[in-house]
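# What the coordinates show
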Amino acid sequence: MILTVLKEPDPRLHIKAKAIEKVDDSIRHLMDDMLETMYQEDGIGLAATQVGVDKRVIVIDLNAGSEEDEPDVHCMANPEILWHSEETSTCKEGCLSVPETRADVTRPARVKVRYLDRQNQIIEIDADGLMATCIQHEIDHLDGVLFINHLSKLKQELIHKKLKKLKKFQNL
Ligand code: GNR
Ligand code: NI
């Protein structure tokens, strides 16, 4: 089932999501709906917070939208960053919850992440490049943080003004 992606400003995007107890059929169902929604919206990642579910669940497929590459699906429950590099990298980020906005965000270049997979198994992975950026962007969502919250107050205000105008335009 395709779910509705919340758009900023929406207070539900700023709720801290709750850890799940166990990856069971209902969580696997949520992961499937999130993947379907992510592909439909042409995103490479999605957090449950973005579809109004306050559970610590994210899905990622860096190959989403690429015709050539195989799907590369990662479903993660309770993802935590165990370690991050001192070295940083800057990526022009976008977000399905922040339409028509892209901005450079600087984050740790490499992370070690622990999560529960679809089989409720504990997995640890090292990520770099776009995968590291995307995991951190999605975990931020679970903590109620959007990529624009990493920008200066002035830039955030300008983006919020633009989003307000966009919403008005859509409702006309
Ligand atoms: O589709 C997405 N692309 C993207 C590009 C750079 C950095 C992060 C992302 S995640 C984003 C989808 C999304 O909003 N996930 O929460
Ligand atoms: Ni996002």
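Further up the page is the structure itself.
Anyway, here's the lowdown on the structure attached to this text. (Residues numbered from 1 in each chain as written. Chains lettered and ligands numbered in written order. Predicted model: local features only at pLDDT ≥ 70, side-chain atom pairs only at ≥ 80, totals over all residues. Heavy atoms only, no water.)

## Brief notes about the pairing of strand β3 (residues 73–84)
- In this sheet, β3 lies alongside strand β2 (residues 57–61) in antiparallel orientation, the contact comprising five bridges. Considered in β3, the bridge of Ile 58 is made with Met 76.
- Relative to strand β6 (residues 111–116), β3 runs antiparallel, the two sharing five bridges. Counted as the bridge partner of Glu 80 is Arg 114 from β6. (Pairing = 2+ DSSP bridges. Helix = DSSP H or I, 4+ residues; strand = E, 2+ residues; numbered from the N terminus.)

## Structural notes on a positive patch on the surface
- Judged by side-chain charge, Lys 161, Lys 164, Lys 165 and Lys 168 come together as a positively charged surface patch.
- Within the fold, Lys 164 resides in helix α3 (residues 153–171). (Patch = residues over 30% accessible without salt bridge, like charges linked within 9 Å, V, L, I, M, F, W, Y side chains within 5 Å. Areas by Shrake-Rupley, 256 points an atom, 1.4 Å probe, with all protein chains shown as cover. Salt bridge = Lys/Arg side-chain N within 4 Å of Asp/Glu carboxyl O. Lys, Arg positive; Asp, Glu negative; His and termini not counted. Charge placed at Lys NZ, Arg CZ, Asp CG, Glu CD.)

## A closer look at the site of ligand 1
- Ligand 1 sits among Gly 43, Ile 44, Gly 45, Gln 50, Lys 92, Glu 93, Gly 94, Cys 95, Leu 96, His 137, Glu 138 and His 141.
- Here Gly 45 contributes a backbone N or O atom positioned 3.1 Å from a nitrogen atom of ligand 1.
- Across the complex, the protein chains shield 91% of the 380 Å² of accessible surface that ligand 1 would expose by itself.
- Spatially, ligand 1 is embedded in the largest pocket.
- Of all the elements in the fold, those that place two or more residues in the shell around ligand 1 are β4 (88–95) and α2 (129–142).
- No other element matches the four residues that β4 contributes to the shell around ligand 1.
- Here the shell around ligand 1 is composed, by residue class, of three nonpolar, six polar and three charged. (Near = heavy atom within 4 Å. Polar contact = N/O pair within 3.5 Å; in protein donor to acceptor, adjacent residues only side chain to side chain. 1 Å grid on protein atoms, 1.4 Å probe; cavity = no way out; pocket = protein on both sides within 12 Å on 5 of 7 lines; lining within 4 Å. Sits in = over half its atoms within 2 Å of the grid points. Nonpolar A, V, L, I, M, F, W, Y, C, P; charged D, E, K, R; others polar.)

Just distances and angles here, no functional claims.
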